[in-house]
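Reading the structure
The primary structure of each chain is shown beneath.
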Amino acid sequence: MFGQYYDTFRCEVGDILVETEQIDGLLTYRRRCEGRAFKRILVSETARIIINPVEPVNLPKEVTDFLQMEFTPIVIEPGAARTIYLKFPVEIGVFLESEKGIEVLDVFGTGTQKYALYGSPTSGVIVRWYRSAVYSEIPQVERFSEGVMELSIQNASHEWVEVSSVVFDSVDMKIYYGDIVATTATMKIVSPVMAETDFIDSPPIPGMARSIELYKARKIPVLDRGYLMEWGLS
Amino acid sequence: MTFNVTGILETPTGIGTITVSDVLWFVVIIAVGVAIAKIVSINVRRALAERLPKNERELIAKVIYYIIVIWAVIVALPYLNINLSGLLVAGGIAGLVIGFASQSVVSNLVSGLFLMFEHPIKIGDSINVAGVSGSVEDIRILSTIVKTYDGIYTRIPNEKVFTSNITNYVHNAARRFEYSISIRYEDDANEAIRLTKEVIEAHPFALKNPAPSVFVDNLGDDCLNLTARIWAPTQNWWDVRTELLWDIVKKLEENGIEMPYPQRTVWFADDLRVTGGKGEEESRI
């Protein structure tokens, strides 16, 4: 399903159907996913459609840019570093591309979503919440609902630290797709309650294609600034 | 008859040495300045449309607008023989007079500037201020415009906004709401709590953390009263609040837990005799 399409096409994978067809002389985009449908008439000379995984913070509607992954607690000794693999939720973006730019047409996904508050109600942030097991190597995933995050954790503090969650600013997220959807991230623990997180522009498996990010399609200028977790690591 | 334009333009207006052309120049410069200010501020709004929140966008657009207008006034004033340095000298006395005369205007102006920079409220926020509840439509130099929840335009002077207690319902990232759910005494309260938590868990915007709490709050006359406390993102807490209650009620009813009817157990000191029917049979209860 992921890739580029021209003019009319039809993709049906499991419970997901994405297609464009000519209806009464009008190019029509239609999507059906888990009983939810979406339809738009397209007026485009190039009619180039790109489908790829996007930052998982848009469903059921966009309320935040932050993604929190909760996992089995890990205790890390001072100065230690370890790479682990987590599963993250996948949302699928459909883009319209022309010579003058890219426009987001549709975002959909399978499964349910859950949100949480990271920090205090007064100064914390709303996050898309997802629980994952911890894997020592790339796990098996459902390609259209889960992705694999390669997370390098480094304890740069001088104390033993227990970590059971990581929060990212998704506008920095770089997503790759091939046989699986994947991303690479880092977590540098600076104290038992603070850590810096960021995404790395490099696929965990060589040769994967890079997704178009939503913030790029929406022309939102961002600095790759990472995120400072200052409300605890669990 | 010849029409001498130059002559007309050079005609004195009777106020010092100011001529008609000076007045025209003044008007043209001000008009051009206001036009440029409008064009620039509109384009700034457009350029920042998707990059900045509406409140900051409006603030920047307004600051740019007023800077250009003030610049136009400064450029135009010499055409009316108004020397700005002279104004500064005269400003001491004039300022005192104007200050007393326009005390409320200046007070509103200063309050407006403080509101813009202190940010207790932003455009789009749901607030309650000076007894008015609604969403902030605009924060202007002299007044704040609030659209009440039933769609009524309300203008509140900035001084009143600034000196009143402001309740901003959307200032924090999340807010809590609660339901009171009544069940019959014969129903299993633990099961009702489990089912209620299950419904809350299934809603994407009923926040995972802080965790929702559901508990038996009190023993009513006719029912057990459960309380459910749920946190939701501030921007869509109302949607969550309106959606969840009916889902909880449906789930409880599907599992045989029903809302109670008011009941009274009545005890009589003596036996009751009931009469009625054919032959007026008499029975005792």
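Looking at an unreviewed UniProt entry, one finds chain B named Mechanosensitive ion channel family protein, with Methanoculleus bourgensis as its source organism. Annotation of chain B in UniProt includes, under Sequence similarities (unreviewed entry), the sentence "Belongs to the MscS (TC 1.A.23) family." Chain B has a UniProt comment under Subcellular location (unreviewed entry) that states "Cell membrane".

Under an unreviewed UniProt entry, the name given to chain A is DUF432 domain-containing protein, and the source organism is Methanoculleus bourgensis.

1. Thoughts on the overall build of chain B
The helix and strand tally for chain B stands at eight helices and ten strands. Taking the intrachain contacts of chain B between residues at least 6 apart in sequence as the baseline, contacts between residues at least 24 apart amount to 60%. About 18,000 Å² of surface is accessible on chain B, with carbon and sulfur atoms providing 60% of the total.

2. Description of the overall build of chain A
A count of helices and strands for chain A gives one helix and 19 strands. Overall size of chain A, expressed as C-alpha extent along the three principal axes, is 70 × 40 × 35 Å. Within chain A, buried positions represent 54% of all 234 residues. In chain A, the proportion of contacts linking residues at least 24 apart, taken out of those at least 6 apart, comes to 73%. Only carbon and sulfur atoms are counted for the fraction: they give 50% of the accessible area of chain A, which is about 10,700 Å².

3. A look at the interface of chain B and chain A
Across the boundary between the two partners, chain B contributes 20 residues, which contact 19 residues of chain A. Summed over the three residues of chain B that lose the most area to chain A, namely Pro204(B), Phe205(B) and Lys208(B), the buried surface amounts to 30% of that side. The interface formed by chain B and chain A includes one salt bridge. Where Lys61(A) meets Asp239(B), a salt bridge forms, and the shortest distance between an N and an O atom there is 3.3 Å. Applying the counting criterion to the chain B and chain A interface returns nine residue pairs in polar contact (both at pLDDT 80 or more).

4. Points about the confidence of the model for chain A
Of the residues in chain A, 97% have a pLDDT of 70 or more, and the chain-wide mean is 91. Within chain A, no element has a lower average pLDDT than helix α1 (residues 214–217) of chain A, which sits at 74, and none a higher one than strand β11 (residues 115–118) of chain A, at 97.

5. A short note on the packing of aromatic side chains
One pass over the full model with this rule turns up 14 aromatic pairs over all chains. Aromatic side chains Tyr118(A) and Tyr227(A) sit 6.5 Å apart centroid to centroid with 65° between the ring planes, which places their arrangement in the edge-to-face category. With Tyr118(A) in strand β11 and Tyr227(A) in strand β19 (residues 227–229), the pair connects residues that are 109 residues apart, well separated along the chain. What makes Tyr227(A) buried here is its relative accessible area of 14%. For the pair Phe114(B) and Phe162(B), a centre-to-centre distance of 5.6 Å together with 20° between the ring planes defines the contact as stacked. Of this pair, Phe114(B) sits in helix α5 (residues 103–118) while Phe162(B) is found in helix α6 (residues 158–163), placing the two residues 48 residues apart along the sequence. Classification of Phe162(B) by relative accessible area gives partly exposed; the value is 33%. Counting every residue linked through ring pairs, the aromatic cluster contains Phe177(B), Tyr179(B), Trp237(B) and Trp238(B). In this structure, Arg175(B) packs its charged tip against the face of Trp237(B), placed 3.6 Å from the ring centre.

6. Side note on the nonpolar core
Judged by nonpolar contacts, the single largest core of 56 residues is most densely connected at Ile51(A), Leu151(A) and Met187(A). Take this core: its biggest share by element is six residues, from strand β7 (residues 66–76) of chain A. Discounting residues that sit within four places of it in the chain, Leu151(A) has contacts with Arg82(A), Thr83(A), Ile84(A), Leu86(A), Val166(A), Phe168(A), Ala185(A), Thr186(A) and Met187(A). Judged by nonpolar contacts, the second largest core, of 32 residues, contains Tyr179(B), Ile193(B), Phe205(B) and Leu207(B).

7. Focus on a nonpolar patch on the surface
All names here are of chain B. A surface patch of nonpolar side chains, amounting to about 910 Å² of accessible area, comprises Val63, Ile67, Val105, Val106, Leu109, Val110, Leu113, Phe114, Phe117, Leu142 and Phe162. Sorting the residues of the nonpolar patch by element identifies α3 (54–76) and α5 as the ones contributing at least two each. Here the nonpolar patch takes seven residues from α5, the largest share from any one element. Within the fold, Leu113 resides in helix α5.

8. Description of the environment of Arg264(B)
Residues and elements named next belong to chain B. Relative to the assigned elements, Arg264 resides in the loop between α8 (237–254) and β9 (273–276). Assessed through its relative accessible area of 66%, Arg264 is described here as exposed. The spatial distance from the C-alpha of Arg264 to the C-alpha of Leu219 is 15 Å, given a sequence separation of 45 residues.

9. Concerning the sheet that holds strand β12 (residues 125–131) of chain A
Residues and elements named next belong to chain A. A sheet is described by the order of its strands in space; here four strands give the open sequence β11-β12-β7-β14, paired in mixed fashion. What marks the edges here is a single partner per strand, and that holds for β11 and β14 (161–169). Across the sheet, the axes of successive neighbouring strands diverge by a mean angle of 45°, strand direction being ignored. The pairing of β7 with β12 spans five bridges and is classified as parallel. Residue pairing for β12: Leu67 is matched across the bridge by Arg128.

10. Some remarks on helix α2 (residues 20–47) of chain B
Residues and elements named next belong to chain B. When the terminal C-alpha atoms of α2 are compared, their 40 Å separation across 28 residues agrees well with the 40 Å that a helix rising 1.5 Å per residue should span. The complete set of buried residues in α2 reads Ser21, Asp22, Phe26, Ile29, Gly33, Ala37, Ser41 and Val44. Considering only its buried residues, α2 is in contact with α1 (5–9) and α3.

11. Comments concerning α5(B)
Residues and elements named next belong to chain B. Across its 16 residues, α5 extends 22 Å between first and last C-alpha, which sits within 8% of the 22 Å expected from 1.5 Å per residue. All buried positions along α5 are accounted for by Asn108, Ser111, Gly112, Leu115 and Met116. Viewed along the axis of α5, the buried residues span an arc of 135°, placing them on a single side of the element. Away from its buried face by more than 90 degrees, α5 exposes Gln103, Phe117 and Glu118. Where the residues of α5 are buried, they touch α3, β2 (132–139), β3 (143–148), β4 (153–157) and α6. Phi turns positive one or two residues past the end of α5, at His119, with a value near 65°.

What counts and what doesn't
- Residues numbered from 1 in each chain as written.
- Chains lettered and ligands numbered in written order.
- Predicted model: local features only at pLDDT ≥ 70, side-chain atom pairs only at ≥ 80, totals over all residues.
- Heavy atoms only, no water.
- UniProt positions renumbered as here; feature names shortened; annotations may be inferred.
- Helix = DSSP H or I, 4+ residues; strand = E, 2+ residues; numbered from the N terminus.
- Contact = heavy atoms within 4.5 Å.
- Areas by Shrake-Rupley, 256 points an atom, 1.4 Å probe, with all protein chains shown as cover.
- Buried < 20%, exposed > 50% of the residue type's maximum accessible area, 1.4 Å probe, protein only.
- Buried area = accessible area lost by both parts, 1.4 Å probe.
- Salt bridge = Lys/Arg side-chain N within 4 Å of Asp/Glu carboxyl O.
- Polar contact = N/O pair within 3.5 Å; in protein donor to acceptor, adjacent residues only side chain to side chain.
- pLDDT = per-residue confidence, 0-100.
- Phe/Tyr/Trp six-rings, centres within 6.5 Å; stacked < 30°, edge-to-face > 60°.
- Lys NZ or Arg CZ within 6 Å of the ring centre and 35° of its normal.
- Core = buried A, V, L, I, M, F, W, Y, C linked by side-chain atoms within 4.5 Å.
- Patch = residues over 30% accessible without salt bridge, like charges linked within 9 Å, V, L, I, M, F, W, Y side chains within 5 Å.
- Pairing = 2+ DSSP bridges.
- Axes fitted to C-alpha atoms, helices over the stretch in contact; angles between N-to-C directions.
- Expected span 1.5 Å × (residues − 1).
- Arc of directions from axis to C-beta.

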